[in-house]
Each structure stands twice: as structure tokens, then as C-alpha cells.
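Descriptive analysis of the structure
One-letter residues, chain by chain:
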Amino acid sequence: MASEQPSVLLVEDEPAQREVLAYNLEADGFAVTKAENGEEALMLVEEGAPDLILLDWMLPNVSGIEVCRQLKTRSETRNVPIIMLSARSEEVDRVRGLETGADDYVIKPYSVIELMARVRAQLRRTRPSTVGERLEYEDIILDSETHRVTRKGEGLKLGPTEFRLLSTFMEKPGRVWSREQLLDRVWGRDIYVDTRTVDVHIGRLRKALCQHGGDDPLRTVRGAGYSLG
Ligand code: CA
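Residues numbered from 1 in each chain as written. Predicted model: local features only at pLDDT ≥ 70, side-chain atom pairs only at ≥ 80, totals over all residues. Heavy atoms only, no water.

Both faces of the sheet carry side chains from a regular strand, because those side chains alternate between them. The pairing of strand 1 (residues 7-11) with strand 2 (residues 31-35) spans five bridges and is parallel. Paired with L9 across the strands is T33, a residue of strand 2. Taken together, strand 1, helix 1 (residues 15-27) and strand 2 form a β-α-β motif whose crossover is right-handed. (Pairing = 2+ DSSP bridges. Helix = DSSP H or I, 4+ residues; strand = E, 2+ residues; numbered from the N terminus. Right-handed = clockwise from strand over helix to strand, strands pointing away.)

See below:
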């Protein structure tokens, strides 16, 4: 689905726990994909990295720790935040979990409210536009909660696709995005869209950003894609 809805991969072998957590995440506006074991989790991530992973430690066959270790060694998934869920409470386990590269560690039984707060804390760092943060780049301010964009204090009119494109750019100024990466992020992998469509919307975004004057902040990087600044 094409939206700012953050995607969460939930890896939990206990059906009851998986369903309760999935229900709460969905009620909170997350797009949830569920996996019952480590192999399935790794396969799903291969198809496309989620914005965040909730990973049970104790899983049959491939353990959560092993899944975490594998994902944190791959460049494509290294930056996806992983929150480990564990019935283990020993300090040494917590340390081991974090040493494997997990970004946070929650002990079962956990409070769903606290877990949601931890999820949002991770996303605020990695995908700020999905959790209602205000993003700033030079004279441009994007409020992802109210969907308002201003430049030098003046409101800009943006279509929904241009808004999502700008959110993506403003999360990581200076990063060069290929057309394929923008398609994945802005349109979603389920929809077939031609890469030329990206160029069309970039054109519209440029026009929108300059509707009250000012320089074009978007940069075309030949053979690579686009970046903000
Ligand atoms: Ca388990």
C-alpha cells in the first residue's frame, strides 16, 4: 500500500501472542506482516525490508538471536531497527541481545503500551515521517501529522504522491535515491508503476517546492537518481 503507514514484521511462534500484538499494531496504524519462525522471517525480509522488526528470541530452529545477527550483518537490512522480545530477563542475556545488534530489548510479559512506545521511539529515529514528526530542511518544514508543508513560512500545495516523495527525501537529506528505491518507498512494492512515473512526480514536486520562488532543492544525480541537497 502506498502510504506513510510504517511496516512492521512481527516474528513470534506463539499464535496467541502473535495475534494480540498484530491486533494492537494494526489498531495503532501499522502495516503488519507476520512470521511464525526465523526461516520465514528471513525469507520475508529478502522480499523487502520492513521499517521495523519485532523479533521473539526463542523460536524453533533458527533463533531470534541468529535472525538478528544475520540481518545486522547485511548492508540492506543493517539499519532496520530490531526490537527483541524475550522471556529471558537475565542481564547477561540482555547484553547478549544488544551485542548481536538488536536496537532494543523487551522482556515478556511486556505491557503493550510500553512496547508501542518503544516501537515509536525506534521509528522516530529511522522513519520520522511515519510517526508524526516535524521534518526540517533549510527553509522547508514538513509536518507529517497535519500533512502541511511550508517554505519560508508560506504554505505549499502538494499532491499526496509529492508529499510522500518529499517525506522520503526529508528523512535523509543528501542521500541519493534510485528510481526503484523511490518506487518501493513511495508507491509500495505491490503496485506496478513504471520508473518514468517517478520522473513525472519529481517534476511536479520541484514545481510545487518553487511555487513561491526559491531555488530547486532537488538534485538529479546522473545514472543514480535524485537527492534533496
Ligand atoms: Ca517463542
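Now that the structure has been shown, the text picks up again.
The terminal C-alpha atoms of helix 8 (residues 195-209) lie 21 Å apart, and with 15 residues this matches the ideal 21 Å at 1.5 Å per residue to within 8%. The set of residues buried in helix 8 consists of V198, H201, I202, L205, A208 and L209. The arc enclosing the buried residues of helix 8, seen along the axis, measures out at 120 degrees, which places them on a common side. More than 90 degrees from the buried face of helix 8, the exposed residues found are R196 and K207. Buried positions along helix 8 lie against strand 7 (140-143), strand 8 (148-151), helix 6 (160-171), helix 7 (179-187), strand 10 (218-221) and strand 11 (225-228). (Expected span 1.5 Å × (residues − 1). Buried < 20%, exposed > 50% of the residue type's maximum accessible area, 1.4 Å probe, protein only. Arc of directions from axis to C-beta. Contact = heavy atoms within 4.5 Å.)

So, about the pattern of salt bridges. What the rule picks out here adds up to 22 salt bridges. For the salt bridge of K108 with E12, the shortest nitrogen-to-oxygen distance reads 2.9 Å. On the criterion of sequence distance, the pair formed by K108 in the loop between strand 5 (104-107) and helix 5 (112-126) and E12 in the loop between strand 1 and helix 1 is long-range, its members being 96 residues apart. Of the two residues, K108 and E12, neither departs from the other in class, the shared state being buried. Linking R120 and D28 is a salt bridge whose minimum nitrogen-to-oxygen distance equals 2.7 Å. (Salt bridge = Lys/Arg side-chain N within 4 Å of Asp/Glu carboxyl O.)

On to the packing of aromatic side chains, then. Where two aromatic rings form a pair, the distance of their centres and the angle of their planes describe that pair. Summed over all chains, the structure comprises one aromatic pair. With 6.0 Å between their ring centres and 90 degrees between their planes, W57 and Y105 make a pair best called edge-to-face. Taken as a pair, W57 in the loop between strand 3 (52-56) and helix 3 (64-73) and Y105 in strand 5 lie far apart in primary sequence, 48 residues in all. Residue W57 is classed as buried on the basis of its relative accessible area of 3%. Lying over the aromatic face of W177, R175 brings its terminal NZ or CZ to 3.6 Å of the ring centre. (Phe/Tyr/Trp six-rings, centres within 6.5 Å; stacked < 30°, edge-to-face > 60°. Lys NZ or Arg CZ within 6 Å of the ring centre and 35° of its normal.)

The strand order across the open sheet formed by five strands is 2-1-3-4-5, and the pairing between neighbours is parallel. In this open sheet, the two strands that pair with only one neighbour each are strand 2 and strand 5. Geometrically, the sheet is characterised by an average inter-axis angle of 20 degrees between neighbouring strands, direction not taken into account. Each of strand 1, strand 2, strand 3 and strand 4 (82-86) is contacted by helix 1, which is oriented at about 165 degrees to strand 2, the strand it contacts most. (Axes fitted to C-alpha atoms, helices over the stretch in contact; angles between N-to-C directions.)

Now for the coordination of the calcium ion. In the first shell of the calcium ion, the protein supplies D13 (OD), D56 (OD) and M58 (O), at 2.1 to 2.3 Å from the metal. The sequence pattern describing where the donors of the calcium ion fall on their chain is D-x42-D-x1-M. (Donors = N, O, S within 2.8 Å, 3.2 Å for Na, K, Ca; no water.)

Below, the discussion takes up the sheet that holds strand 8. Strand order in the open sheet made by the four strands is 6-7-8-9, with antiparallel pairing throughout. If you trace the sheet from one side to the other, it starts and ends with strand 6 (134-137) and strand 9 (154-155), each paired once. Pairing geometry for strand 8 and strand 9, over two bridges, is antiparallel. Bridge assignment links T150 to a residue of strand 9, and that residue is G155. Against the sheet, helix 6 makes contact with strand 6, strand 7 and strand 8, and its axis sits at roughly 110 degrees relative to strand 7, the strand it touches most.

The next thing to look at is the nonpolar core. Where a protein is soluble and globular, its nonpolar side chains tend to be buried together. Core analysis: the biggest nonpolar cluster contains 24 residues, and L165, L166, F169, M170, L182 and I202 have the highest contact counts within it. Listing elements by their share of this core, those giving two or more residues are strand 6, strand 7, helix 6, helix 7, helix 8 and strand 11. Among the elements that line this core, the one with the most residues is helix 6, at five residues. Among residues more than four places away in sequence, those in contact with L182 are L165, T168, F169, W177, W187, V198, I202 and Y226. Grouped together as the second largest cluster of nonpolar side chains are 21 residues, V11, L42, I65 and V80 included. (Core = buried A, V, L, I, M, F, W, Y, C linked by side-chain atoms within 4.5 Å.)

A few words now on the domain arrangement of the protein. By the assigned domains, the protein splits into domain 1 (7-126) and domain 2 (131-228). Between the C-alpha centres of domain 1 and domain 2 the distance comes to 29 Å. Taken together, the seven residues of domain 1 in the interface contact five residues of domain 2. Here domain 1 meets domain 2 over a buried area of about 430 Å², counting both sides, of which 51% is carbon and sulfur. On inspection of domain 1 and its partner domain 2, the count reaches one salt bridge. Ionic pairing is found between R124 and E133, a salt bridge with its closest N-O pair at 3.6 Å. In terms of residues, the side of domain 1 that touches domain 2 owes the most to one element, helix 5, which gives four residues. Taken together, the residues of the side of domain 1 that touches domain 2 sort by class into two nonpolar, two polar and three charged. (Domains from an automatic or database assignment. Buried area = accessible area lost by both parts, 1.4 Å probe. Nonpolar A, V, L, I, M, F, W, Y, C, P; charged D, E, K, R; others polar.)

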